Amino acid sequence: MTRHYSALSLLREGLNGQRGWQPAWEDADPKPRYDAIVIGGGGHGLATAYYLAKNHGITKVALIERGWIGGGNTGRNTTIIRSNYFFPETAAFFEFALKLYEGLSHELNYNIMFSQRGMWMLGHDRHGMEMLRRSANAMRLNGIDAELHDEAAVRAEIPGLNTAARFPILGGLNQPRAGSARHDAVAWGYARGASALGVDIIQNCEVQGFLIEDGHVRGVETSRGTIRSETVGMAVAGHSTVVAEKAGVRLPINSYALQAFVSEPVKPCLDTVLLSPATGTYLSQSDKGELVIGAGLDLYLSYAQRGNLPWMERAAAGVIELFPAFSRMRFLRQWAGICDVVHDSTPIIGATDLGGFYVNCGWGTGGFKAIPAGGWCLAHAMATGTSHPLAAAFGIERFKTGALIDEASASGIAH
Amino acid sequence: MADSNPTALLRRTGPDVADIVRPGLSVRTETGLGIAKLRIFGRAADARFQEIAGIAPPLPCREIGSGDLAFAWLAPGEWLITGAEAAVAAWVERATALGADDLLAIDFSHARTAFLLEGESARAALAAHCPLDLWPDAFPAGAAARSLLGDTGLFIARLADTGDAPRFRIIVDQTMAAYAGRLFARA
Amino acid sequence: MLLITCPHCGPRAEIEYRCGGEAHVERPGPHDQVSDQAWADYLFYRANPKGGHRERWLHVAGCGQWFNVARDTITHEIAAVYPMGETLAEGSAA
Amino acid sequence: MSGRRSEGGAIDRSKPISFRWAGKSYQGYAGDTLASALIANGVSIIGRSFKYHRPRGLIAAGLEEPNGIVQLEAGAVTVPNVKATQIELYEGLSATPVNAKPSVEFDLLAVNSLFKRFIPAAFYYKTFFWPSWRLFEPSIRKAAGLGDAPAERDPDHYEHRFAHVDTLIVGSGAAGLAAAEAAAALPGNERVMLVEADFEYGGGLLSAAEPVEGLAPLAWRDAALARLRAAPNMLLLNRTMASGFYDHGLVALYERVSDHLPPEQRSGPRQRLWKVRCKKVILATGAFERPIAFSGNDLPGVMLASAAQTYARRYGALAGTRAVLCTNNDGAYDAAFALHDLGCTVAAIVDSRAAPGAGADAARQRGIEILAGFVPLAAKGRRAVRGLEVAALGGGVRRRIACDTILTSDGWNPAVHLHSQAGGSLAYNEGLQAFLPKGAPQDAISVGAAAGILDSDTAIDAARAAMRGEPVEAPVQAAVGPTRRFADGDTRAQTAWLDFQNDVTVADVQLASRENFRSVEHLKRYTTLGMASDQGKTSNVAGIHVLSGLLKTPAPAIGTTKFRPPFDPVTIGAFAGRAVGEDLAPLARTPSHAAQVALGAKMENYGGWLRPAYFPQAGESEQQTIAREVHAVRRSAGLFDASTLGKIEVKGPDAAEFLQRIYVGGVRTLKVGQCRYGLMLSEHGIVYDDGVFARIGEDHFLVGTTSGHAAAITETLHEWLQCEWPHLRVLVENVTTGWAVMNIAGPKAREIFAAVGTDIDLSADAFAHMQYRAGTVGGVPARVQRVSFTGELSYEIAVPWGYGAALWDALMEAGQPHRITPFGVESLMAMRIEKGFLHVGSDTDGTTYPQDLGFGPAIAKKKDDFVGRRSTMRPDGLREDRRQLVGLEVTDGGPPIEVGAHVLPADATEARGTQGWVTSSVYSPTLERPIAMALVERGRDRMGETVRIWDLGQWRAARIADPRFFDPAGERTHG
Ligand SMILES: Cc1cc2nc3c(=O)[nH]c(=O)nc-3n(C[C@H](O)[C@H](O)[C@H](O)COP(=O)(O)OP(=O)(O)OC[C@H]3O[C@@H](n4cnc5c(N)ncnc54)[C@H](O)[C@@H]3O)c2cc1C
Ligand SMILES: NC(=O)c1ccc[n+]([C@@H]2O[C@H](COP(=O)([O-])OP(=O)(O)OC[C@H]3O[C@@H](n4cnc5c(N)ncnc54)[C@H](O)[C@@H]3O)[C@@H](O)[C@H]2O)c1
Ligand SMILES: Cc1cc2nc3c(=O)[nH]c(=O)nc-3n(C[C@H](O)[C@H](O)[C@H](O)COP(=O)(O)O)c2cc1C
Ligand SMILES: [Zn+2]
């Protein structure tokens, strides 16, 4: 049976009718007790399970997923990976994630197709350019690659971009190491890695309650029975408050639907990731050829992964503003994911008031890029009971003290 | 726009929007239309309106005429008054002169631009940008509402029909008049 | 795109409205007697339910009035619309 | 040879049309699609497959077509990836195949096909990362994708249309037409709308032969259409597809208005997006035929039975001369007859059922051989079908049949897409081996083939009954026979296609299942089955059936993947509609706009307003212009159009109390006629806006906001009043665009103002700094505030907007003797930086508290609560090391420091860490040196301290200073 992936093994399997491949991960039935339970089979949950085993030697781990792994936001996001963050805490964390991403295909022996074609944040007016400069400097002072370019350079770098538009483009901030990756591969790669290290991946199993004694978690009630453990981690994105509430833990999170769209696939026409703050549009072209386009949040609570028409219109207008020629291309599919939004758009990672219960949430619209670091830090917290230094500032106390790390504000939005 | 103030030394200018006249649709700016708002707070607002205006207030989403003026419901305790500029200005002055502290009357004639839309295609021209149901029975003559016209807000009232074709008055912020004009030019 | 019935103007499209989040959140005070936790609760902690939710909406492009809506956050079904300052009678839907 | 043979059908032979395909000229007729015209011309290879570049022909006649993907036209009007089956032929049309270089006949990348066995589904996850994906990605990208994105600006425009209907009927087949007629007759149904994606109404009727309610199908259609057209409450739209079913009865319709016309005849919008709010929706969307998977089933010449039938009957075109029909149901027999009627030989009908239905007798009467209990095994041929190998279902007997066309039908899948988008669930129907709509979500009822009712007369009856409120019953008949399943490992599975466009085979599904991608959603993502531009219309259920067989799990337990809008791709332009160019977020203009442009202003976009940055004269640089304008203001007078400033009237007995709760500072004590600077916070304690407010009456205030912020602040004030303090008796009105404001500033301001003529006493004693006066200016009503953002003697004169342009002119004229100079936003900024005045949004961000700006003492003095106050008192607000707003003096003799540069301590040796950043910066024309403002850790305690500034690799030096660089005592302002 073939387990290792390489060109050679493909060749061998080709001669064998591709019949020797092992399951990428094994499905497990829940056992009564584990050393640790991870709730949520998205990227963060799967990475947590993997690093519990890999970094901490804890292999008796149950990864519990309500549906199918990777079916949450990890499987429906616009896959932008970047570390162009402003504050030192977030910059260090997301840069760590990006570095892990750079080595992830090899680490997991799974091609996640991390495509470092750069990411441009556009400046549409004088103030926008000043904010980009502020960010570029902050990034470089945090040891992250950043280049600030004027209009001419942007135009040269991104053919077809309309810089003399309603929202003219005066320049842009490029992070050359940013890019995008194949979202599904990240989930599957971690699942395969975790499974190989002995983690039980349990799909179609919903956490419906918690066993709690003396202020400490003792296990979870699921649709497939009770599973015991003294250490439980949660990474369920848009469902964070719903699950945490069952453990009596409150979180400052609102769940909103974020929409995305893909066009029909076309030959390469966009070589980088683009974000236009004025139009709220971000887009890139996947390796398969679709334009992958993101929109904004519908700002009312939603647990429906449905698309909405107004955002489709706005995103389309944004695309045409940037690339008037794309007007004649066609949208192929529209969908949405439920994001766990916190006020300062910085995650919450770490312990809660309930002993043994750790959370990883608050990713909002931007947690795909964080998956390796989010899993790393949650695993660290679960294994050691202490916050990983990189996640130390991401505790829930900040909502009480006011020590928010407000990245949105750093992009110049004052509210 | 006409100059309503004979003592003015300063010349008045209005938004420069070309009228559109073509088969089935005419869109003209209504120069000289006075536009004002009356606001009254409290539960007794309707009764106060009657005291001040001398007529019962219009029902929600309706406009009624009284003398030279039309009064449209905008919100509880909020009405739009339209008519000849001088008449509207005089009305606002009278209301203000009452000195009552529960009301605010403001002349918006300079702040807004009004258009008259008529013709069989008027409804379609509006439906391109306005989410309201303007179907005859949903929006009969005498109906009035605030809503959207593309990216800007609008006030719309259905006036008496001209012949078989519907006639609408729409009012937008004067800074958006050119935009509205462009939208209709394309309709 | 939701269709929300403004208590004053009748059914109108979502694009005419703005959602103001959970309804009936009380503003604690006076300011010098509110604990950090109580203030954090007021600013950040919401019920965020999956299912029935009461929230306030503003009819921005219409009458400019705020009102309350009882809406299901999964189906978006609207069970009731009721004025600002009132609470929904117990037992009514959502 | 194949081609067009017949009379009849729905094409107009009196109107020939010439067109070009792949560089060659052909002829078709009005009523043809590109697809039917190509078939009629005997063109069999129309494209190359996505991955293996195998030659492909058309397999369908509708929008489910996976292979016939073309690039329509070239240049600015080109459209990639259109299905040939959707393109209505017009004179001069030109299209080319996609994904084939140099041609579909000879495609270089067809070598991929040789390596096929080494590159199964998802092979890329297993390789290409050693040493790095970067090396492989560019060539993989080039190979992927289908057509070419347009590269020129789209010359067309697109329109939107809102509509509100009682009943919307989607689809104009027998069921849709019957439902529409019944709906139009229903009392209370004032507005009924029927939409049809095709250009012809009639759906399946267009290719049917059996009588419908006793009439020939087209005669029945024509009669029904005539009645509908006569109904006054009916709107009929063809070329209009229901693309999405959203919440609360909203259906998006995509109308192709002029795509079908030769370019020179097009006018008006190209396409229109309808947003229709429906009380009731009837989904009469028909069904999609399932192809049969067998080896080589992607060879040009293999086609859906219904498609061949449509080409024959509707378009009079034959796909071949010798056909074999492979089916598992009765319905498909009609396809064989349709071809037979046109003179095509039907070599055999291969029916998987041991006992075929009634159609078999009719076939035998025509002399067609029936192979009952047989299934197709492998199509033979390299670039076209040459024959078909069939076998008895149980194995054993095999036969080879010579043919050039293979028709396949594995049964039908109702088009449940819109039902499902509406939130409806599905029920699996064993008889049809398909998923049927269950229930009527959002009052959306499926009728006809969309509900699994495939017989016209039954569909018509059921549709009428549905309109009477009766439930639509799913049929119970066992309509389809068995389908051959592939054993896991059967090598034929490697060439048995399911998803043609994405090149997914039965073997790929087997591989996915082997590797544990067994959830139907995993299967889709791993193999890309159903992700192509046809969204799996022909492949999804077939894939589910394969998986079901592999996992020995019934199909309903596997379920379908999610249906999402749009039903079929919709142009980005149609979604954007009018919101392009200057009509995207339209800009507002100031009253003096024309005058400013005439003066050569450099106009820029400032928060929704088009305003002058400055007024350059010939040969002047930006800095020179700003210097000239600043000097003019400081030495004599300048004029600035400040009409964009927000103005909000706040009136009522509780107005002062209300504003006391809004502003950081005190309000109650302000006297009538006085102005005060006010700072507003968000409830999070963050500095939100600032401006001057005036008490213009005991119970009446005029609140000033920053430009572009008036609407938001008005909304916020309303929110507090309506939601939090409803007992306060206050009225709030935004009057921003009712008043033009001209700011005359400089030592000569008073003289110039007076010269324009006013009844307001302008003497310094009568009208002091920070006071408000109402009166007339130039004979018109005016509101004047003596406030200053420049630091000079300054009046903001507000007159009704329509007089603004004239007031500008009048002030310019009155200022002539003093060489009055118009100035722009950037010059104003230079002057306020010289004064150290705060600019919210530049010197603050979403983390700035009022204490960071020096408002701590003012807050301490105020007893009352105000919005945001409590937030500023949290531990983080009390931190000693907060960043505070200070001035910076450049000490290295260099030019101004860039805004966005960072501040590091004096002893910093490496570019790491930060103590803050530069928020405002300018070369001060007045002081003749660069100055700046910055938010710096503990800044106020560090006055005089030297710091290092870092900017994109450059080190600069500066000293922390009092930001009031110029006239700190404000003597000039009070002058
Ligand atoms: C449209 C869209 C675009 C985005 N674009 C980007 C982007 O470009 N870049 C970026 O960095 N981020 C982006 N994001 C955000 C990013 O996708 C998420 O932050 C990230 O995927 C979160 O990963 P996760 O593992 O926490 O959550 P998920 O992937 O959502 O996984 C959570 C899992 O928990 C499971 N679960 C929930 N409740 C239970 C329960 N009771 N029991 C068991 N399991 C449960 C769910 O089924 C789900 O599989 C985007 C998000 C969306 C929706
Ligand atoms: N051979 C069979 O067993 C078989 C199979 C399928 C259908 N039929 C036919 O089924 C019929 C029942 O008729 P019917 O009306 O249910 O189906 P139909 O296929 O005749 O009509 C459906 C129509 O809906 C249109 N449509 C589909 N989706 C649309 C969308 N989103 N927007 C706009 N238009 C859309 C299609 O273009 C088509 O014209 C009979 O006429 C019968 O001939 C038979
Ligand atoms: C980066 C990215 C690219 C995608 N490309 C395609 C595509 O080419 N074809 C397609 O049908 N769907 C594509 N999708 C959308 C998925 O089909 C699916 O809609 C999405 O993952 C959400 O899942 P759901 O629709 O099953 O809820 C893509 C999604 C992502 C995140
Ligand atoms: Zn309303």
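To keep things clear, this report deals only with the structure shown in the data block. Not measured: the values here are computed from a predicted model.

How each quantity is defined
- All residue numbers here refer to positions counted from 1 along the written sequence of the relevant chain.
- Chain letters start at A and ligand numbers start at 1, both assigned in the order the entries are written.
- Per-residue local features are limited, in this predicted model, to residues with pLDDT of at least 70; the limit for side-chain atom pairs, both in listing and counting, is 80 or more; totals at the level of whole chains, interfaces and linings are taken over all residues.
- Side-chain measures here rest on the full set of heavy atoms in the structure, leaving out hydrogens and waters.
- Secondary structure counts use DSSP, requiring at least four H or I residues in a row for a helix and at least two E residues in a row for a strand, with both numbered from the N terminus.
- Radius of gyration here uses only the C-alpha atoms, and the compact-globule reference equals 2.2 Å multiplied by the residue count raised to the power 0.38.
- Any pair of residues with heavy atoms lying within 4.5 Å of one another is described as a contacting pair.
- Only the protein chains shown count as cover for residues, and all accessible areas are computed by the Shrake-Rupley method using a 1.4 Å probe.
- Summed over both partners, the accessible area lost on bringing two parts together, with a 1.4 Å probe, is the buried area.
- The working definition used for a salt bridge is a side-chain nitrogen of Lys or Arg within 4 Å of a carboxyl oxygen of Asp or Glu.
- Throughout this description, a polar contact denotes any pair of N or O atoms lying within 3.5 Å of each other; where both atoms belong to protein, one of them has to be capable of donating a hydrogen while the other can accept it, and for residues adjacent in sequence the pair is counted only when both atoms sit in side chains.
- The near set for a molecule or strand comprises every residue that places at least one heavy atom within 4 Å of it.
- Within 6.5 Å between ring centres, the rings of Phe, Tyr and Trp (the latter by its six-membered ring) count as paired, and their orientation is classed by plane angle as stacked under 30 degrees, edge-to-face over 60, tilted in between.
- Exposure is judged per residue with a 1.4 Å probe applied to protein chains only, and the accessible area is read against the type maximum: over 50% gives exposed, under 20% gives buried, and values in between give partly exposed.
- In our convention, an over-ring charge means Lys NZ or Arg CZ found within 6 Å of a ring centre and within 35 degrees of that ring's normal.
- Amino acids are sorted into nonpolar (Ala, Val, Leu, Ile, Met, Phe, Trp, Tyr, Cys and Pro), charged (Asp, Glu, Lys and Arg) and polar (every other residue, Gly among them).
- Only N, O and S atoms count as donors, using a 2.8 Å cut-off from the metal and 3.2 Å for Na, K and Ca, and because water is excluded some sites may appear unfinished.

1. Focus: the overall build of chain B
Secondary structure summary: chain B contains four helices and 11 strands in total. Taken over C-alpha atoms, the radius of gyration comes to 17 Å for chain B, in line with the 16 Å a tight globule of 187 residues would show. Taking the principal axes of its C-alpha atoms as reference, chain B extends roughly 50 × 45 × 30 Å. Pairs at least 24 residues apart make up 60% of the contacts formed inside chain B by residues separated by at least 6 positions. Surface exposure of chain B reaches about 7500 Å², of which carbon and sulfur atoms provide 53%.

2. Some points on the arrangement of the chains
Ranking the five pairs of chains in contact by contact count places chains A and D at the top. Without any contact between them, chain A and chain B keep their closest C-alpha atoms 11 Å apart.

3. Some words on the interface of chain B and chain C
Taken together, the contact pairs 12 residues of chain B with 10 residues of chain C. Where chain B abuts chain C, roughly 810 Å² becomes buried across the two surfaces, and 62% of that area is made up of carbon and sulfur atoms. The three residues of chain B that bury the most area against chain C are Pro-76, Arg-146 and Leu-148 of chain B, which together make up 44% of that side's buried surface. The interface formed by chain B and chain C contains zero salt bridges. Applying the counting rule to chain B against chain C returns four residue pairs in polar contact (both at pLDDT 80 or more). Those elements giving two or more residues to the side of chain B that touches chain C turn out to be β5 (69-75) and β9 (144-149) of chain B. Considering every element that reaches the side of chain B that touches chain C, the biggest residue donor is β9 of chain B, with four residues.

4. Some thoughts on the site of ligand 2
Residue and element names in this part refer to chain D. Near ligand 2, the surroundings consist of 27 residues, among which Glu-196, Gly-204, Ala-242, Ala-449 and Ser-456 are the closest. Here an oxygen atom of ligand 2 and a backbone polar atom of Ala-175 are 3.1 Å apart. Side-chain polar atom of Glu-196 to an oxygen atom of ligand 2: 2.6 Å apart, as the coordinates give it. Out of a free accessible area of 840 Å², ligand 2 has 86% covered by protein chains. If you list the elements that add at least two residues to the shell around ligand 2, you get α4 (174-185), β12 (240-245) and α10 (456-467).

5. A word on the packing of aromatic side chains
We describe a pair of aromatic rings using the distance from one ring centre to the other and the angle between the two ring planes. This structure, assessed with the given rule, holds 56 aromatic pairs over all chains. Between the aromatic rings of Trp-188 of chain A and Tyr-526 of chain D, the centroid separation amounts to 5.6 Å while the plane-to-plane angle is 70 degrees, which identifies the pairing as edge-to-face. Linking Trp-188 of chain A in helix α6 (residues 183-196) with Tyr-526 of chain D in helix α12 (residues 520-527), this pair reaches from one chain into another. Look at Tyr-52 of chain D and Trp-497 of chain D: their rings are 6.5 Å apart centre to centre, the planes differ by 80 degrees, and that puts the pair in the edge-to-face class. Here the residue Tyr-52 of chain D occupies a position in the loop between β4 (47-48) and β5 (55-56), and Trp-497 of chain D occupies one in strand β29 (residues 497-499), the gap between them amounting to 445 residues. Across the pair, exposure class does not vary: Tyr-52 of chain D and Trp-497 of chain D are buried alike. The ring of Trp-274 of chain D is capped by Arg-161 of chain D, whose NZ or CZ atom sits 5.1 Å from the centre of that ring.

6. Structural notes on the interface of chain D and chain A
Chain D puts 127 residues into the contact, and the matching count from chain A is 102 residues. Between chain D and chain A, the buried area comes to about 9900 Å², and carbon and sulfur atoms account for 56% of it. Of all residues in chain D, Tyr-125, Arg-141 and Ile-572 of chain D bury the most surface against chain A, accounting for 9% of the area lost on that side. Inspection of the region where chain D meets chain A yields 11 salt bridges. Note that Arg-306 of chain A is salt-bridged to Asp-247 of chain D, the shortest N-O span being 2.7 Å. Taken together, chain D and chain A are joined by 58 residue pairs in polar contact (both at pLDDT 80 or more). Among the elements that line the side of chain D that touches chain A, the one with the most residues is helix α3 (residues 133-143) of chain D, at seven residues. Class assignment of the residues belonging to the side of chain D that touches chain A gives a composition of 62 nonpolar, 32 polar and 33 charged.

7. Points about the coordination of the zinc ion (ligand 4)
Residue and element names in this part refer to chain C. In the first shell of the zinc ion (ligand 4), the protein supplies Cys-6 (SG), Cys-9 (SG), His-59 (ND1) and Cys-63 (SG), at 2.0 to 2.4 Å from the metal. Each donor residue of the zinc ion (ligand 4) lies on the same chain, and together they follow the pattern C-x2-C-x49-H-x3-C. Of this pair, Cys-9 sits in the loop between β1 (3-6) and β2 (10-13) while Cys-63 sits in the loop between β4 (52-58) and β5 (66-72), and the two are 54 residues apart along the sequence.

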